[in-house]
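# Structure assessment
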Amino acid sequence: MPSTEEEDAWVWAQIKAEAKRDAEAEPALASYLYSTILSHSSLERSLSFHLGNKLCSSTLLSTLLYDLFLNAFSSDPNLRSAAVADLRAARERDPACVSYSHCLLNYKGFLSCQAHRVAHKLWSESRRPLALALSSRIADVFAVDIHPAAKIGKGILFDHATGVVVGETAVIGNNVSILHHVTLGGTGKVGGDRHPKIGDGVLIGAGATILGNVKIGEGAKIGAGSVVLIGVPPRTTAVGNPARLVGGKERPSKHEDVPGESMDHTSFISEWSDYII
């Protein structure tokens, strides 16, 4: 297995090679690709520059944000390795992701997740006003609303990402895939630990809503449009409103794959639906 440093270097080399190829093939993008990727010496510098320009405003300057992001990525190797893991997740799981550079530049799910990690670092360092301001800009620009206190693992794919909401005490494990308009929310005005805990390898389909301090077990699958109000056991599938376990509560069907990585949304469909078009 390659070391983290070797993997980081390999992905960055791929990104630069892809950007150079695209600049030669499409001269209209040459200046853009040079300023965002080819002029930078590392992934963290390129990512910091791009996020700074994406999230800046008339009163929150791109230079300030660039320094903020670069300091965070440069000082914390976990942030760098998480960004690489997220790039690989998008490239490997999403057939529409044609290159690493495409994900880096254009995938708002990827960009919002990296920016959130910096906001979470600020929150953890008690720089909460800045963390909240950054979180607000992420929501404004990317339409992804993640509280800066929420904990997110690595190897994350926010596919399409529009409308994703993640509450303050939510926890998302590693190698999780979440589609657009997913809510990890609370159940009302209850304080304290009140948001879902998502295990490793979970797949959450588009428009699903998971409410309360409930545990979604490792490798579980939540069907699109489902409303989940209680915990879901590992390696099972929950679908519907309110969500029910495929195969029944007593002996639910279990799968062997990791749906957060396989992106298989429809296995066991014959067991829970006889709907035919």
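Above this text sits the structure in question.
Description of the structure in this document.

Cut-off values and rules
- Residues numbered from 1 in each chain as written.
- Predicted model: local features only at pLDDT ≥ 70, side-chain atom pairs only at ≥ 80, totals over all residues.
- Heavy atoms only, no water.
- Helix = DSSP H or I, 4+ residues; strand = E, 2+ residues; numbered from the N terminus.
- Rg over C-alpha atoms; globule rule 2.2 N^0.38 Å.
- Buried < 20%, exposed > 50% of the residue type's maximum accessible area, 1.4 Å probe, protein only.
- Contact = heavy atoms within 4.5 Å.
- Areas by Shrake-Rupley, 256 points an atom, 1.4 Å probe, with all protein chains shown as cover.
- Lys, Arg positive; Asp, Glu negative; His and termini not counted.
- Charge placed at Lys NZ, Arg CZ, Asp CG, Glu CD.
- Salt bridge = Lys/Arg side-chain N within 4 Å of Asp/Glu carboxyl O.
- Pairing = 2+ DSSP bridges.
- Expected span 1.5 Å × (residues − 1).
- 1 Å grid on protein atoms, 1.4 Å probe; cavity = no way out; pocket = protein on both sides within 12 Å on 5 of 7 lines; lining within 4 Å.
- Points joined across faces, edges and corners; volume = space filled by probe spheres on them.
- Nonpolar A, V, L, I, M, F, W, Y, C, P; charged D, E, K, R; others polar.

Once that is clear, we can look at the overall build of the protein. Within the protein, the regular secondary structure consists of 10 helices and 15 strands. Taken over C-alpha atoms, the radius of gyration comes to 19 Å for the protein, in line with the 19 Å a tight globule of 277 residues would show. The principal-axis extents of the C-alpha atoms in the protein amount to approximately 60 × 40 × 40 Å. Counting every position in the protein, which comprises 277 residues, the buried fraction comes to 48%. Across the protein, every contact between residues at least 6 apart in sequence was considered, and the portion connecting residues at least 24 apart equals 46%. A total accessible area of about 13,100 Å² is found for the protein, and carbon and sulfur atoms account for 54% of it. One way to put it: in the protein the 27 positive side-chain charges average out to a point 5 Å from where the 29 negative ones average out.

Enumeration over the complete set of coordinates arrives at 9 salt bridges. A salt bridge links glutamate 7 to arginine 88; its shortest N-O distance comes to 3.3 Å. Of this pair, glutamate 7 sits in helix H1 (residues 4-25) while arginine 88 sits in helix H5 (residues 77-93); the two residues are 81 residues apart in sequence, bridging distant segments of the chain. A salt bridge links glutamate 125 to lysine 121; the shortest N-O distance between them is 3.3 Å. Owing to a relative accessible area of 40%, glutamate 125 belongs among the partly exposed residues under this scheme.

In this section: unusual backbone geometry. With an omega of -5°, the peptide bond between asparagine 241 and proline 242 qualifies as cis. Located in the positive-phi region is alanine 143, a residue other than glycine, with phi close to 60°. Relative to the helices and strands, alanine 143 is located in the loop between helix H8 (128-142) and strand S1 (145-146). Of note in the backbone geometry, alanine 161 takes a positive phi value of approximately 75° without being a glycine. The exposure class assigned to alanine 161 is buried, which follows from its relative accessible area of 0%.

This paragraph deals with the sheet that holds strand S8 (residues 197-198). What the 4 strands build is an open sheet, ordered S2-S5-S8-S11; its pairing is parallel. Here the strands that pair on one side only, and so sit at the sheet edges, are strand S2 (151-152) and strand S11 (215-216). Where S8 meets S11, 2 bridges bridge the pair, whose relative direction is parallel. The partner of isoleucine 198 across the bridge, within S11, is isoleucine 216.

Our focus in this paragraph is helix H3 (residues 43-55). The end-to-end C-alpha distance of H3 is 18 Å, a good match for the 18 Å that 13 residues give at a rise of 1.5 Å each. Among all positions of H3, only Leu43, Ser46, Leu47, Ser48, His50, Leu51, Gly52 and Leu55 are buried.

On to the layout of surface pockets. For the largest pocket, the calculated volume is near 280 Å³. Around the largest pocket sit 15 residues that line it, and Glu7, Ala85, Arg88, Gly155 and Asn175 are the ones nearest its centre. Counting only elements with at least two residues in the lining of the largest pocket, the list comes to H1 and H5. Class assignment for the residues of the lining of the largest pocket results in 3 nonpolar, 5 polar and 7 charged.

The next subject is the environment of glutamate 24. The topology assignment puts glutamate 24 in helix H1. In the structure, glutamate 24 is positioned 74 residues away from valine 98 in sequence and 17 Å away in space, judged by C-alpha atoms.

Function cannot be inferred from these measures alone, as they are strictly geometric.
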